Amino acid sequence: MSLSEALAACLVLLVGSSAAAELWSQSLRSTWEQARREEQLHRLDALLLASEGKAQELVAKQGLAADCQVAAGPLVTLLLALPSAQGATLTVPPSPPGTLHLRWETGGVSRERLLSASALGLCREAGHGA
């Protein structure tokens, strides 16, 4: 084997090793980003469950409201007091009367839920035909 062949072989080995290291690095970075995103989504899901729990606490404290259109108002106050130590923010976009649209966001990901005041037990919806 001549010197030029040995140098060519070393160059091929170096390029192959460099490409493999780059792919491995990108794979690790992608795995880490996916794990971080899943963790954020789990935290947001926990906040949505906590939101429903706050609705149950509200019903236990004050009972059923007479008007479903205003029953969700006190719940928003309770939700804004939830600890957002995870860096999540709550926004309440406009929603139809008797419902509550929640959007929890953190780190570029969000979870949304449309809650019905009557389904949460905050009020008793007027009977249809009763």
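Residues numbered from 1 in each chain as written. Predicted model: local features only at pLDDT ≥ 70, side-chain atom pairs only at ≥ 80, totals over all residues. Heavy atoms only, no water.

Some remarks on helix α1 (residues 3-62)
Alright, step 1. If you check α1, its first and last C-alpha atoms are 88 Å apart, about what 60 residues at 1.5 Å a residue would give, namely 88 Å.
Alright, step 2. All buried positions along α1 are accounted for by Gln40, Leu41, Leu44, Leu47, Leu48, Ser51, Ala55 and Leu58.
Alright, step 3. Looking at the buried positions of α1, the neighbouring elements they touch are α2 (68-71), α3 (73-80), β2 (99-106) and β3 (109-116).
Alright, step 4. Looking at the residues trailing α1, positive phi occurs at Gly63, about 80°. (Helix = DSSP H or I, 4+ residues; strand = E, 2+ residues; numbered from the N terminus. Expected span 1.5 Å × (residues − 1). Buried < 20%, exposed > 50% of the residue type's maximum accessible area, 1.4 Å probe, protein only. Contact = heavy atoms within 4.5 Å.)

Description of the pairing of β3
Alright, step 1. With 8 bridges joining them, β2 and β3 adopt antiparallel strand pairing. Among the inter-strand pairings, Glu105 is bridged to a residue of β3, identified as Ser110.
Alright, step 2. Between β2 and the antiparallel strand that follows it, β3, lie 2 residues; Gly107 among them carries a positive phi value of about 55°. (Pairing = 2+ DSSP bridges.)

Concerning the packing of α1 against α3
Alright, step 1. For the pair α1 and α3, interaxial distance at closest approach is 10 Å and the crossing angle is 125°. Relative to α3, the element α1 is oriented oblique. Every pair of crossing elements has a handedness; the one defined by α1 and α3 is right-handed. Contacts between α1 and α3 involve Ser51, Lys54, Ala55, Leu58 and Gln62 on the former and, on the latter, Pro74, Leu75, Leu78 and Leu79.
Alright, step 2. Tallied by class, the residues present in the contact of α1 with α3 amount to 6 nonpolar, 2 polar and 1 charged. (Axes fitted to C-alpha atoms, helices over the stretch in contact; angles between N-to-C directions. Parallel < 35°, antiparallel > 145°, perpendicular 65-115°, else oblique. Left-handed = near helix turned anticlockwise from the far one by under 90°. Nonpolar A, V, L, I, M, F, W, Y, C, P; charged D, E, K, R; others polar.)

Some points on the pairing of β2
Alright, step 1. Here strand β1 (residues 89-91) pairs with β2 via 3 bridges, running antiparallel. Within the sheet, the bridge partner assigned to Thr91 lies in β2 and is Arg103.

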